[in-house]
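So the chains spell out like this:
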Amino acid sequence: MQERSLAVEQEAPQLKYEEAFVDVAGARVRYLHAGNGKPIVLIHGLVGSSEDWRNNIDALAREASVYAIDLVNMGKSQRVGDLDAGLSATANHIIAIMDALNLGEADIVAHSHGGAIALMLAALHRRRVRRLILFAPANPYSRASDAMVRIYSTRWGELLAWTLPYLPAPLQRIALGPMYGGPDRVVDRCLQEIVVGLRNPDTLRHVLGVIRCWCAEMIKLKAAIRRVKRIPILLVWGDGDCTVSLSSAMQLKRKLRASELIVLPGCGHSVFEENPQESNRIMLDWLGRDSLSTPRISNAQRAPSVAMRTSHSGASRHLSPGI
């Protein structure tokens, strides 16, 4: 059952998206919707929400029907205790959301931990996924977050996690700095939303649950990746990402044979928030291709060396398919 509420104004240009709720497996799930056409489902990262995509929904909705969801225990979706925090369970829940919204298949756009969920979703439900756009997806080839996972998996780390949302804002900004390419680039609105999320005890418990099973889930994802190697995938990374390493992007790209990688200089872990205009252009250009088959490979791109080109705006590097 779907429930719709008052439309929310999007940032300039002044278009609107609607906030709505749907009941899925006994949980009330919130999502934002805009546009018409082939569906795109947006999946946020850990401690995120559908609001993370506020500067992207508008552009994507000009060409598609966009659904930005709040995962259960996040954003304005219902809190459910003892929820399975594994990638497969979360992927299956997203499929249940798609069923409730009558979405047979969709393009999936996801970020960070949401990217890992999207990869697992594509592995488990191949016919429900047309293409993937993944912004710095968590993956088994990145070791950048290992220390954080080890720390927050301990009793002292959990105590620290319960303390962090109440630390002074300058310290919170430093902690989030790597996600945005430096503390000075952390947007006040994003900082506040993350802090508010972590101050919800049920959300924090769920986040800690995700962290505790992180290593085991990455092992499962590594095995699952072989099942999605032929799905058209666009990988987008910031060259200053300290959360999911750029070197892992190269390894992931080699495993995903139908993938392309674009690197935006000067950006951190949340490229689509830091540089929404360029991110929107990149997504729309890629989604606008006529064919859903493996991306075309020119003779130059077949060379064993890494092929690069400058984007239309001069703001990104494009690593072509076939490397």
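Being a predicted model, the structure only gives us computed values, none of them experimental.

Undergrad: How should the pattern of salt bridges be read in this particular structure?
TA: Here the idea is simple: oppositely charged side chains can pair when their charged atoms come close. For the coordinates displayed, the defined rule picks out 17 salt bridges. When the shortest N-O distance is used, the salt bridge between Glu51 and Arg30 registers 2.8 Å. You can see Glu51 sitting in the loop between strand S4 (39-43) and helix H1 (54-60) and its partner Arg30 sitting in strand S3 (residues 27-34), a full 21 residues away along the chain. The same class applies to Glu51 and to Arg30, which are both buried. Close ionic contact of Asp202 with Arg205 constitutes a salt bridge, the shortest N to O distance being 3.2 Å. Taken together, the residues Asp202 and Arg205, both in helix H8 (residues 201-212) and 3 residues apart, mark about one turn of the helix. Judged by its relative accessible area of 38%, Asp202 falls in the partly exposed class.

Undergrad: Which parts of the structure should I look at to understand the nonpolar core?
TA: Soluble globular proteins: nonpolar side chains tend toward being buried together. If you look at the biggest cluster of nonpolar residues, it comprises 71 residues, and the most contacted ones within it are Leu132 and Trp237. A total of 8 residues in this core trace back to one element, the largest contributor, which is helix H3 (residues 113-124). Ignoring any residue separated from it by four or fewer positions in sequence, one finds Leu132 in contact with Ile108, Ala118, Leu119, Ala122, Pro232, Ile233, Leu234 and Trp286. By size, the runner-up hydrophobic cluster in this structure holds 26 residues, among which are Tyr17, Leu32, Ile133 and Leu287.

Undergrad: What exactly am I supposed to notice about the pairing of strand S5 (residues 65-69) here?
TA: Consecutive side chains along a regular strand alternate between the two faces of the sheet. Among the 5 residues of S5, 5 are classified as buried, and the element is accordingly described as predominantly covered. Neither face of S5 is exposed, since Ser65, Tyr67 and Ile69 on one face and Val66 and Ala68 on the opposite face are all buried. In terms of strand pairing, S3 meets S5 through 4 bridges, oriented antiparallel. Bridge assignment links His33 to a residue of S5, and that residue is Tyr67. As paired strands, S4 and S5 are joined by 5 bridges and run parallel to one another. Bridge assignment links Leu42 to a residue of S5, and that residue is Ala68. Between the parallel elements S4 and S5, the chain passes through H1 in a crossover that is right-handed.

Undergrad: How do you make sense of helix H2 (residues 87-100) when you look at a structure like this?
TA: Helical geometry note: an α-helix holds 3.6 residues per turn, so side chains three or four residues apart project in the same direction. Counted at 1.5 Å a residue, the expected span for H2 with its 14 residues is 20 Å, and the 20 Å between its end C-alpha atoms agrees. Buried residues of H2: Leu87, Thr90, Ala91, His93, Ile94, Ile95, Ile97 and Met98, and no others. Just beyond H2, the residue with positive phi is Asn102, at close to 60°.

Rules used in this analysis
- Residues numbered from 1 in each chain as written.
- Predicted model: local features only at pLDDT ≥ 70, side-chain atom pairs only at ≥ 80, totals over all residues.
- Heavy atoms only, no water.
- Salt bridge = Lys/Arg side-chain N within 4 Å of Asp/Glu carboxyl O.
- Helix = DSSP H or I, 4+ residues; strand = E, 2+ residues; numbered from the N terminus.
- Buried < 20%, exposed > 50% of the residue type's maximum accessible area, 1.4 Å probe, protein only.
- Core = buried A, V, L, I, M, F, W, Y, C linked by side-chain atoms within 4.5 Å.
- Contact = heavy atoms within 4.5 Å.
- Pairing = 2+ DSSP bridges.
- Right-handed = clockwise from strand over helix to strand, strands pointing away.
- Expected span 1.5 Å × (residues − 1).

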